[in-house]
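Notes for the structure review
So the chains spell out like this:
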Amino acid sequence: MQKIKIKYFSDRIDRLKYIDGKSDWIDLRASETIVLKAGESALIPLGVAMELPEGYEAHIVPRSSTFKNYGILQTNSCGVIDGSYCGDEDMWRMPVYATRDTVIRENDRICQFRIMENQPEIVFDEVSFLSNDSRGGFGSTGKQ
């Protein structure tokens, strides 16, 4: 089991834990109240910094209910925090765009993350032809 050093920037947010004990994703919470008008963007502070193990990164995505509850979109679709972002003041944040007026309150669960191994080093072997049959192009199952 990996141990990860974590620093909390607030005593008013719940400590990290797996989602209801049923998933390997972990909820992240807003560490302060943010008020947004439609069309505004913000970096929502998530109140944590971590030292990820060598060779690992964190993937941050919105919770399935985030848009419904708050009308915000994560502007980078999927946030990636690499192992170099591990300083004492490197608090994780979620970049968002508000599609309507909204309030995200301190301790609201707004996104989730998981720790993933970095991609292994690869080498590309350029060829003229691939050995598989064509599926029929982008968005196609290959069946007509």
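Every chain is numbered independently, its residues counted from 1 as its sequence is written. Reporting of local features is limited, given that this is a predicted model, to residues whose pLDDT is at least 70; pairs of side-chain atoms are given and counted only at 80 or more, and all residues count toward the totals for whole chains, interfaces and linings. With hydrogens and water excluded, all non-hydrogen atoms of the structure serve as input to the side-chain values.

A look at the nonpolar core
Most often, soluble globular proteins keep nonpolar side chains buried together rather than apart. Test applied: Throughout, nonpolar core names a set of buried Ala, Val, Leu, Ile, Met, Phe, Trp, Tyr and Cys residues whose side chains join them through atoms within 4.5 Å. Exposed residues in this analysis have more than 50% of their type's maximum accessible area, buried residues have under 20%, and partly exposed residues fall in between, with area computed by a 1.4 Å probe over protein chains only. Counting from the N terminus, the helices are DSSP H or I runs at least four residues long and the strands are E runs at least two residues long.
Core analysis: the largest hydrophobic core is formed by 23 residues, its most contacted members being Ile44, Trp92 and Ile110. Those elements that provide at least two residues to this core are strand E2 (26–29), strand E3 (34–36), strand E5 (48–51), strand E6 (56–62), strand E9 (93–98) and strand E11 (109–117).

A closer look at the side chain of Gln112
Condition: Polar contact is the term for a pair of N or O atoms within 3.5 Å; when the atoms are in protein, one must be able to donate a hydrogen and the other to accept it, and sequence-neighboring residues count only if both atoms are side-chain atoms. We call two residues in contact when some of their heavy atoms are within 4.5 Å.
Examined against the element boundaries, Gln112 turns out to sit in strand E11. By relative accessible area, which is 16% here, Gln112 ends up buried. Polar side-chain contacts of Gln112 include one of 3.4 Å to the backbone oxygen of Pro62. Not counting residues within four places of it along the chain, the set of residues in contact with Gln112 comprises Ile19, Trp25, Ile26, Asp27, Leu28, His59, Ile60, Val61, Pro62 and Arg63.

Structural notes on the sheet that holds E2
Formally: Strands were regarded as paired on the criterion that DSSP finds at least two bridges between them. Angles here are taken between N-to-C directions and fall from 0 to 180 degrees, while the axes themselves are lines fitted to C-alpha atoms, restricted in helices to the stretch in contact.
Across the sheet, which stays open at both edges, the 4 strands sit in the order E2-E11-E6-E8 with antiparallel pairing between neighbours. Of all the strands in the sheet, the pair left with one neighbour each is E2 and strand E8 (79–81). Sheet twist, expressed as the mean angle between neighbouring strand axes with direction ignored, is 35 degrees. Pairing of E6 with E8 involves 3 bridges; the strand directions are antiparallel. Bridged to Ala58 within E8 is Ile81.

Concerning a nonpolar patch on the surface
The condition that has to hold: Here the term patch refers to residues with relative accessible area over 30% and no salt bridge, with like charges joined within 9 Å and nonpolar side chains (Val, Leu, Ile, Met, Phe, Trp, Tyr) within 5 Å. Surface accessibility follows the Shrake-Rupley procedure with a 1.4 Å probe radius. Residue values consider only the protein chains on display as shielding. Each reported salt bridge corresponds to a side-chain nitrogen of Lys or Arg within 4 Å of a carboxyl oxygen of Asp or Glu.
On the surface, a cluster of nonpolar side chains totalling about 280 Å² of accessible area is made up of Phe67, Leu73 and Tyr97. The residue Phe67 is located in helix H1 (residues 66–70) in this model.

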